[in-house]
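# Structural overview for review
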Amino acid sequence: NLNNKNEIDSMVYKIKKKYKKIDILINNASYVGSDDKDFKKDKIFYNEKYENLNLSNTIYLTNSLVPMLKKSQSASIINISSIYSSLAYDYNLYKNTKMRAPLAYGVSKAGLVQYSKMLASALGPKIRINSISPGGIYRNQPKKFIKKYLEKTPLKRMCREEDVANAVVFFSSDLSNYITGQNLIIDGGYSSL
């Protein structure tokens with residue numbers, strides 16, 4: 001449970017006991033709020049639980065594992081962010097759906113991208129750090145949301161898990177050994193319009 005620092009410590013302890021080094025760390029945990037019972041209609045509603053999981057605890061976990069990453073000959077940290085790290089919500093997409101667009105989600109993901117850039121500067125040349133910002137990933141969203149979303153997306157489809165996985169493979173491999181501090185946007189052109 002990445003919401004619990006004691007459980008993070010326990011996981012790190014088990015990893016250190018079993019392995020001498022880590023080559024790749026992929027931070028993919030995220031709280032998006034689809035089950036957020038506290039969400040209010042107020043568009044500026046802010047809840048720290050997004051910040052805790054999406055940013056603070058990701059930083060805590062990463063810092064705990066940096067010594068093991070430094071022992072690798074090709075260490076890479078990949079942080080999964082979101083297009084909402086650099087774009088504001090288009091609330092019209094969510095109109096007449098039960099979907100939520102919490103302000104804190106985008107704010108915490110923006111922090112994660114900036115953390116990636118700062119960490120790349122601090123830990124280079126030993127460790128490369130990059131982030132990936134996917135667009136909306138298809139999750140059986142309401143048809144009216146999908147229709148509006150595709151109208152704004154030049155490739156006329158939503159992101160798939162394999163689109164993100166391919167970018168993770170790229171940043172994990174030697175194909176990206178001269179890339180650090182970058183945020184790769186995978187959104188089918190959504191942010192280009």
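Read on for an overview of the structure.

Conventions used here
Residues numbered from 1 in each chain as written. Predicted model: local features only at pLDDT ≥ 70, side-chain atom pairs only at ≥ 80, totals over all residues. Heavy atoms only, no water. Core = buried A, V, L, I, M, F, W, Y, C linked by side-chain atoms within 4.5 Å. Buried < 20%, exposed > 50% of the residue type's maximum accessible area, 1.4 Å probe, protein only. Helix = DSSP H or I, 4+ residues; strand = E, 2+ residues; numbered from the N terminus. Phe/Tyr/Trp six-rings, centres within 6.5 Å; stacked < 30°, edge-to-face > 60°. Lys NZ or Arg CZ within 6 Å of the ring centre and 35° of its normal. Pairing = 2+ DSSP bridges.

### Focus: the nonpolar core
- Grouped together as the largest cluster of nonpolar side chains are 19 residues, with contacts concentrated most on Leu65, Leu69, Ile77, Leu119, Leu123, Ile127 and Ile129.
- Elements that contribute at least two residues to this core include exactly helix 1 (5–18), helix 2 (48–69), strand 2 (75–80), helix 3 (103–123) and strand 3 (127–134).
- Ranked by residue count, the leading element in this core is helix 2, at 6 residues.
- Within the second largest apolar cluster, 16 residues are counted, among which are Leu53, Ile83, Leu93 and Tyr190.

### Some words on the packing of aromatic side chains
- Across all of its chains, the model carries 7 aromatic pairs by this definition.
- On the numbers, 5.4 Å between centres and 45 degrees between planes, the contact of Tyr94 with Phe145 is tilted. One end of the pair, Tyr94, is in the loop between strand 2 and helix 3; the other, Phe145, is in helix 4 (residues 143–151), and 51 residues separate them in sequence. Both residues of the pair, Tyr94 and Phe145, count as buried.
- Grouped by ring-pair contacts, the aromatic residues Tyr84, Tyr89, Tyr91, Tyr94, Phe145, Tyr149 and Tyr190 constitute a single cluster.
- Geometry around Tyr60 places Lys5 over its ring, the cationic atom sitting 5.3 Å from the centre.

### Digging into the pairing of strand 2
- Counted residue by residue, strand 2 has 6 buried out of 6 residues, so it is predominantly covered.
- In strand 2, alternate side chains face the same way, and those of Ala75, Ile77 and Asn79 on one face and Ser76, Ile78 and Ile80 on the other are all buried.
- Pairing of strand 1 (residues 24–27) with strand 2 involves 4 bridges; the strand directions are parallel. For Asn27, the partnering residue across the bridge sits in strand 2 and is Asn79.

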